[in-house]
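A structural walkthrough
Given next are the chains, with one letter for each unit.
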Amino acid sequence: MSTFTALYGSLTSISPALVVAGIVLLTALLGFTGASFWLWIAAGALTLFGLGAPIWGWVVLGTIAVLFGIPPIRQILLTGPIVSLLKAMKFLPAISDTEKTAIEAGNIWVDGELFSGKPDFKRILDESYPELSSEEQAFLDGPVETVCQMTDDWEVHQQRDLPKEIWDYLKQERFFGLIIPKKYGGHGFSALANSAIVEKVTSRCGPLSTTVMVPNSLGPAELLMHYGTDAQKDYYLPRLANGQEIPCFALTEPSAGSDAGSMTSSGVVFRGEDDKLYLRLNWKKRYITLAAVSTVLGLAFKLRDPENLLGKGEFPGITCALIPSDTAGVVLGKRHDPLGIPFYNCPTEGHDVVVPIDTIIGGPEQAGNGWRMLVESLAVGRGISLPASSTGGIKMAARMIGAYSTVRKQFGISIGKFEGIEEPLSRIGGYAYIFEAARRFTCGGLDKGEKPAVVTAMAKYSFTEHLRKAINDAMDISGGAGISRGPRNMLAHGYFAVPINITVEGANILTRTLMIFGQGAIRCHPYSYKEIMALMNNDVKAFDRAFWPHIGHVIRNLSRSIVLSLTRGMLASAPVSGPAAKYYKKISWASASFAFLADVAMGKYGGNLKRKEKLTGRFADIFMWLYLGTAVLRRFEAEGRRKEDLPFLHWGMQHALSQMQIAFDGLFQNMGFPFSGPVAWWSRFNSLSAPPSDDTSHLVAKALQIPGEQRDLLTRGVFVSKDVNEAAGRLENAFLLTFQAEAIVKKISRAVRKKILPKDRIDRLVPQAVDAKIITQEEAELLIQAEAARTDAIQVDSFTQEEYMQTAAKPVKKPRKKSSEAVVSQN
């Protein structure tokens, strides 16, 4: 008893300042660790005891414990009134069936960890970072390498189509059946292999890539594999695998692009004279890849069943069906011209097209489930095709422009040695490392069976946007050689094609402002979707189970954000040691601030947040770079923490964190209260990282200009031509010779500085350098060979007037319409 009294006396004698400090530290500790409600109560009791609080303090604490800690009481006195208030205010957004289907498509993967505010990096590091199987690698080294060698990108653009022998080879080697299981005659390749194949053919020829990519993306094969009847699979999949059938999928319409729910294409169920059920279809679609050469057309339409013959009501909903292209009423044959890139992209119409009811994918039972089919398939497909083609483009730009920066000389030195060139060159090299990391990491999740719709939306947006940046930087470095079209130009066609990638599979503006964070805030947040559904169902108990843990979640992330901001992330844990450890800590810090700000935004704007697209776009940027930074860390770990990769690790992580900081600054600046006024200081402490330093950028740019293992690993997977008579092979050869001759050039330059040799062009000094025994005859021959190769590689194409006119697209003459017809057409 005397000991207890002494302890009590010592506690009550502590100075008020120390008491306040202790309370603050205890509060920070409980919040930072996400302590349970009852642990908070226990801490409160200990504090009251230590302070010798009066009885009313204990009454207040007890009241809080009963009111918030006993669910039946809490639901009656607190949760029920809150539910009534929120419903009256219409505070949380109502979700339509279409939105609900899109939100529930796929699942949550590592995006849930990053949205949590406290990511579990041990779990993330356990995620797959896969390699190709021996069979898949053999296909890349065999048929894929062969078709790249067969393809002349300039010739494809001149002829406006792939040559017949390439179409035949693609069918022969079952390129259209990459994802189709082997039992149906396909290859049954993994998502990683599908991605790697698309990446490699993209580095050779854009139209070749699109032709291979589309049948293996969202389309008949993908939909049949997951939703088709056995009869449909047995008939179509073998024919799709061997190229006997060429598929397309028609979704987009003049009035229904990003808003697919507004489509006007229709199908009506009716009973025929033979007493069987049929569909009468009408549609007007556009931007449909491969439509003009297709033999089977996948079609999305709104189904109407006036007599309820299917037993699903008059309006079952969006439905998908397979229509043979030669069916009466199907209109094909025309082509769009997407920026001069000659892949088949076409309109199609259908006028009273009558087909059996079993053309519905999955049969009549799947009538009305088309929207779910599409969004679930896109939840996977967005993470494969366009990210693969973008990575191929970025890596090819890195390889070619690194070589060009060495071969091209001005003022007597390679232009890659100028800091003005190093800056964009380092960005291209940094992007090559980042997006290969994210490509492999994403495919690893997909091959494990994940269907992370938010992650694949991030992938589609970020990969295509950074391809655009990489190609722009490469064009700036190449200068006149980049803008002069012809067989020697390796950049122009990719430059023209970039906006196509930006536009398809969900335009990037929409993807960034509505999908990544709009859906992510609901889908990836641990509680918000549960709260919304509970409100819609007027389920007080379900809302109670989500709402109060949500409050604890906010308190934890607020505490973590403040503490990690004040300590520069040092108190966060890291699953590894070494140079990458600090970046895990900063990702944790950024995740905590992001998660807290997301809750503040949802609390402040409620259902109107989706209309605050400038804010949601900034949230999307942070979320996206959290994922990309995590992929960089996963790659560095998976590849054995190579010392040679350190410049790329530092560049990638510093760039990711600085991009997050830009977005955070925009949020702090524009969200107003509570980030204005007295607490505005917080934003100054939330400074994650400066952009990559000049020294780091120098090391990245330098690596692109040195032949060998590091350059080859960075650009692994692209097609590297060995033919010195075509553009890529010619430049690669000149690069290798120029690099080998660099030491010889330095010998002659030193002799000039010492006035042993006169000032003149290097190639003119070679005989004198040999005579003066500054270089050997063998060195002279290598230097002459290198200079000849270098001079040849920097040449650009030129044409006679007749040749130039032959390269121009022939104008298509259209019959003039009468004025009344023109007016009708416009309407």
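1. Points about the side chain of Arg635
- With respect to the helices and strands, the residue Arg635 is situated in helix α26 (residues 613–638).
- Owing to a relative accessible area of 4%, Arg635 belongs among the buried residues under this scheme.
- Residue contacts for Arg635: discarding those within four places in its chain leaves Tyr129, Ala432, Tyr433, Glu436, Ala437 and Leu713.

2. Examining unusual backbone geometry
- The phi dihedral of Arg174 falls on the positive side, at around 55°, and the residue is not glycine.
- Relative to the helices and strands, Arg174 resides in the loop between α11 (164–172) and α12 (191–202).
- For Arg174, a relative accessible area of 31% translates into the label partly exposed.
- Even without being a glycine, Arg568 presents a positive backbone phi close to 60°.
- Along the chain, Arg568 turns up in the loop between α24 (540–566) and α25 (581–605).
- By relative accessible area, which is 34% here, Arg568 ends up partly exposed.

3. So, the packing of aromatic side chains
- By the definition in use, this model includes 30 aromatic pairs.
- On the numbers, 6.2 Å between centres and 15° between planes, the contact of Phe115 with Phe517 is stacked. With a gap of 402 residues between them, Phe115 in helix α7 (residues 110–116) and Phe517 in helix α22 (residues 508–523) connect regions that are remote in the sequence. The pair formed by Phe115 and Phe517 is uniform in burial state, with each residue classed as buried.
- On the basis of an interplanar angle of 45° and a centroid distance of 6.4 Å, the ring pair of Tyr169 and Phe175 is categorised as tilted.
- Judged by its relative accessible area of 13%, Tyr169 falls in the buried class.
- When its relative accessible area of 0% is taken as the criterion, Phe175 is described as buried.
- Through successive ring pairs, a cluster of aromatic residues spans Phe115, Phe517, Phe594, Phe619 and Phe623.
- Positioned above the aromatic ring of Phe270 is the side chain of Arg280, whose terminal nitrogen or guanidinium carbon lies 4.3 Å from the ring centre.
- One cation-aromatic arrangement involves Arg335 over Tyr344; the distance from NZ or CZ to the ring centre is 4.0 Å.

4. Thoughts on a positive patch on the surface
- On the surface, Lys417, Lys702, Lys746, Arg750, Arg753 and Lys754 cluster together to form a positively charged patch.
- It is helix α31 (residues 727–753) that contributes the most residues to the positive patch, three residues altogether.
- Take Arg753: it is sitting in helix α31.

5. Quick word on helix α18 (residues 419–447)
- A rise of 1.5 Å per residue sets the reference length of α18, with its 29 residues, at 42 Å; its end C-alpha atoms lie 42 Å apart and thus fit the reference within 8%.
- Most of α18 sits inside the fold, with 24 of its 29 residues counted as buried.
- Two residues or fewer after α18 comes Gly449, characterised by a positive phi angle close to 105°.

6. Considerations on empty space enclosed by the protein
- Applying the stated criterion across every chain, the model contains three cavities of 30 Å³ or more.
- Estimates place the volume of the largest cavity at around 230 Å³.
- Lining the largest cavity are 20 residues, with Tyr404, Ala481, Arg488, Met490 and Leu731 positioned closest to its centre.
- Taken together, the elements giving at least two residues each to the lining of the largest cavity come down to α17 (385–407), α20 (480–483) and α31.
- Ranked by residues supplied to the lining of the largest cavity, first place goes to α17 with four residues.
- Taken together, the residues that form the lining of the largest cavity break down as 12 nonpolar, five polar and three charged.

7. Focus: the environment of Asn508
- Locating Asn508 in the fold gives a position in helix α22.
- Of the residues examined, Asn508 reaches a relative accessible area of 3% and is grouped as buried.
- Each residue touching Asn508, except ones within four places of it in the same chain, is listed here: Lys460, Tyr461, Thr464, Glu465 and Ile502.

8. Focus on a negative patch on the surface
- Taken together, the side chains of Glu419, Glu423, Asp694 and Asp695 define an acidic patch exposed on the protein surface.
- Those elements giving two or more residues to the negative patch turn out to be α18 and α29 (694–703).
- Take Asp695: it is sitting in helix α29.
- Asp695 gets classed as exposed once you look at its relative accessible area, which sits at 61%.

9. Section: the packing of helix α19 (residues 453–478) against α22
- Put simply, α19 and α22 touch, their axes get as near as 9 Å, and they point 155° apart. The angle between α19 and α22 places the two elements in the roughly antiparallel class. Crossing hand, α19 versus α22: left-handed. Of the residues in α22, those touching α19 at Val454, Ala457, Met458, Lys460, Tyr461, Thr464 and Glu465 are Asn508, Thr511, Arg512, Met515, Ile516, Gln519, Gly520 and Arg523.
- When the residues that make up the contact of α19 with α22 are grouped by side-chain class, the tally is six nonpolar, five polar and four charged.

The rules we used
- Residues numbered from 1 in each chain as written.
- Predicted model: local features only at pLDDT ≥ 70, side-chain atom pairs only at ≥ 80, totals over all residues.
- Heavy atoms only, no water.
- Helix = DSSP H or I, 4+ residues; strand = E, 2+ residues; numbered from the N terminus.
- Buried < 20%, exposed > 50% of the residue type's maximum accessible area, 1.4 Å probe, protein only.
- Contact = heavy atoms within 4.5 Å.
- Phe/Tyr/Trp six-rings, centres within 6.5 Å; stacked < 30°, edge-to-face > 60°.
- Lys NZ or Arg CZ within 6 Å of the ring centre and 35° of its normal.
- Patch = residues over 30% accessible without salt bridge, like charges linked within 9 Å, V, L, I, M, F, W, Y side chains within 5 Å.
- Areas by Shrake-Rupley, 256 points an atom, 1.4 Å probe, with all protein chains shown as cover.
- Salt bridge = Lys/Arg side-chain N within 4 Å of Asp/Glu carboxyl O.
- Lys, Arg positive; Asp, Glu negative; His and termini not counted.
- Charge placed at Lys NZ, Arg CZ, Asp CG, Glu CD.
- Expected span 1.5 Å × (residues − 1).
- 1 Å grid on protein atoms, 1.4 Å probe; cavity = no way out; pocket = protein on both sides within 12 Å on 5 of 7 lines; lining within 4 Å.
- Points joined across faces, edges and corners; volume = space filled by probe spheres on them.
- Nonpolar A, V, L, I, M, F, W, Y, C, P; charged D, E, K, R; others polar.
- Axes fitted to C-alpha atoms, helices over the stretch in contact; angles between N-to-C directions.
- Parallel < 35°, antiparallel > 145°, perpendicular 65-115°, else oblique.
- Left-handed = near helix turned anticlockwise from the far one by under 90°.

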